[in-house]
Amino acid sequence: MFLRTYGYSLLRSARQKMLMFWSILFPIILGTLFKVSFGDLNETEFMFQQIPVAYVEGEEPQQEFKALLEELESKNELVKVMSVEESKAEELLREGKVKGIFKNSGEIALVVTEEGIDTSILKSIQEQYEHVIRAFSNIAAENPEKIAEVARSLGEEWNYLKENSITNRDMDMMMDYFYALIAMNCLYGCFSGVVCAGEFKANLSHLAARRVASSTNRFVILLAEIFAKITSQFLCCVIGACYLRYALNINLGEDTGRIALVILVGNAIGVMTGVFVGSIGKLKSSVKEGICIGVTMLDCFLAGLMVTGMYQLVEKYVPVINRINPAALMVKALYSLNIYETYTRYNQCIFTMLGITALLCIGSYLLVRRERYASI
C-alpha cells in the first residue's frame, strides 16, 4: 500500500500545474533575471582591476619615476599607463577613462577629480616615490657608502599588490543571491505540504474522508504522501540547480553529492513546514498557503535573497536567527562547500536542518494523531 500510494502521489504532483510553475519555472525565471542583472558584477565591482592612469612627460623628467610606473604596470599589474599629451590626459580624466594624471616635469604631480580606493593607491605611489627619493638624497649626502644597502632594502618595499587567497575555492559576493534562490525553491515545498495535510483532514477534503473510512492505516498513507511530495520537490529543485549550473554557468561548487544533500534536507523542511501549517485547525487552504509563503519569504529575505549582505547584518546583530532560519542554514551550507576546505560548518548546518525537520515531524504528528470524526 505504501509504494502504491507513493506512486500515485508522484503522478498527482506532476499534474499540479501551479505547483510545477512555482517549483520549476519561477526559480528559473528569477535566476535568469539575477544573471542578467548582476552576473558580472563581482568582476567589475569587487575584483581588483588595473588602475588606468595617464602619464604626461614634460621637460627634465625624472626617469626613475617613469621606470617605476613601467615596473608597476608590467610586473605588479597595478596600473595601466597611457602616455599622452597633457590636453589628451585632461580629456581622458574628464571622461572617466583614467583615474588620475601623473605629470613628470622636474617634480611629480598627481591630478585627480574624485576620492576613492584607486586614487588613494595613486597617491600612495607618488608619496612613497618621493619618500624614497628624499631618503636617497639624504643618505648620498651623509653616508654615500650605504647607498647599495639601502637600495636593496627599499626595493623590497615596492610591493603594492600581491595576489593571495585564504582558500583555493571560488569567492563571489553575488553567489549569496543564487544560494538563497535555491533555498527559496526548496522551501516552496511548503505548498505541497499544505495540499498533503489538506488531503488528510476528513472535514476539509472528500479524498481525506474516503481515506479515513478505508481500512488502511492513515499514517501509512500520510507517510507515503510526504515522501512523494519531498521526492517531487527534490526533482524540481535539481532541475533548477542544473539550470543555474549548466545554462547560466553559475559555479555552485564541485561537490555534487553534498549539494544534493542540502537540497534534499531543505525540501524535507519545506514540505514538513507545509504539513505542520496545514494540520493547524480549520483554516482555509488559502490562509494556510498565505502563512507558508509569508514565513518562506521572511526566511529568504533574512538569508539575503532580496538585499545583499542581509545575512551578515543579521549575523552581527541577531545571530540566533541565522542558527534557526532554514534558508540561512542552506545558504551557509552551500557557501561553506565553495569556500572552506573542511566540512565542519557544512556538517553543523546539515545536523541543524535535520533537527528542524524532526521538530516539524513531531509537531505535525501531535496535531493530527488525536483527530477523530463523529461522522463523515
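Our structure is the block above this text.
Presented here is an overview of the structure given in this document. (Residues numbered from 1 in each chain as written. Predicted model: local features only at pLDDT ≥ 70, side-chain atom pairs only at ≥ 80, totals over all residues. Heavy atoms only, no water.)

A word on the sheet that holds strand β3 (residues 100-105). Reading across the sheet, the 4 strands line up as β2-β1-β3-β4 and stay open at both edges, with mixed pairing between neighbours. For this open sheet the edge positions go to β2 (79-83) and β4 (107-111), each flanked by a neighbour on one side alone. Taking each pair of neighbouring strands and ignoring which way they run, the sheet shows an average axis angle of 25°. Relative to β4, β3 runs antiparallel, the two sharing 5 bridges. Paired with S105 across the bridge in β4 is E107. (Pairing = 2+ DSSP bridges. Helix = DSSP H or I, 4+ residues; strand = E, 2+ residues; numbered from the N terminus. Axes fitted to C-alpha atoms, helices over the stretch in contact; angles between N-to-C directions.)

On to the pattern of salt bridges, then. This model, assessed by the stated rule, comprises 7 salt bridges. For E86, the salt bridge identified is with K103, shortest N-O distance 2.9 Å. Placement of the pair is E86 in helix α5 (residues 86-94) and K103 in strand β3, with a sequence separation of 17 residues. Note on E86: relative accessible area 37%, which makes it partly exposed. Across the pair K99 and E114 runs a salt bridge whose closest N-O atoms are separated by 4.0 Å. Of the two residues, K99 sits in the loop between α5 and β3 while E114 sits in the loop between β4 and α6 (117-142), which places them 15 residues apart along the sequence. (Salt bridge = Lys/Arg side-chain N within 4 Å of Asp/Glu carboxyl O. Buried < 20%, exposed > 50% of the residue type's maximum accessible area, 1.4 Å probe, protein only.)

Here we take up the packing of helix α11 (residues 218-247) against helix α12 (residues 256-278). Interaxial distance between α11 and α12 falls to 9 Å at its minimum, and their mutual angle equals 135°. Regarding the angle of α11 to α12, the classification is oblique. Of the two elements, α11 crosses α12, and the hand of that crossing is right-handed. Here I226, K229, I230, Q233, F234, C237 and A241 of α11 come into contact with α12, specifically with A260, I263, L264, N267, A268, V271, M272 and V275. For the contact of α11 with α12, the class distribution of residues is 12 nonpolar, 2 polar and 1 charged. (Parallel < 35°, antiparallel > 145°, perpendicular 65-115°, else oblique. Left-handed = near helix turned anticlockwise from the far one by under 90°. Contact = heavy atoms within 4.5 Å. Nonpolar A, V, L, I, M, F, W, Y, C, P; charged D, E, K, R; others polar.)

Moving on, we get to the side chain of S279. Counting through the fold element by element, S279 comes out in the loop between α12 and α13 (285-303). Judged by its relative accessible area of 5%, S279 falls in the buried class.

Bringing α13 into the picture now. Spanning 19 residues, α13 covers 27 Å between terminal C-alpha atoms, matching the ideal 27 Å at 1.5 Å per step. When we look at burial in α13, the residues that qualify are K288, C292, T296, D299, C300, L302 and A303. Around the axis of α13, the buried residues are gathered within 165° of arc, so they sit on the same side. Looking at the buried side of α13, the elements it contacts are α8 (175-187), α9 (189-198), α12, α14 (310-317), α15 (319-324) and α16 (326-339). (Expected span 1.5 Å × (residues − 1). Arc of directions from axis to C-beta.)

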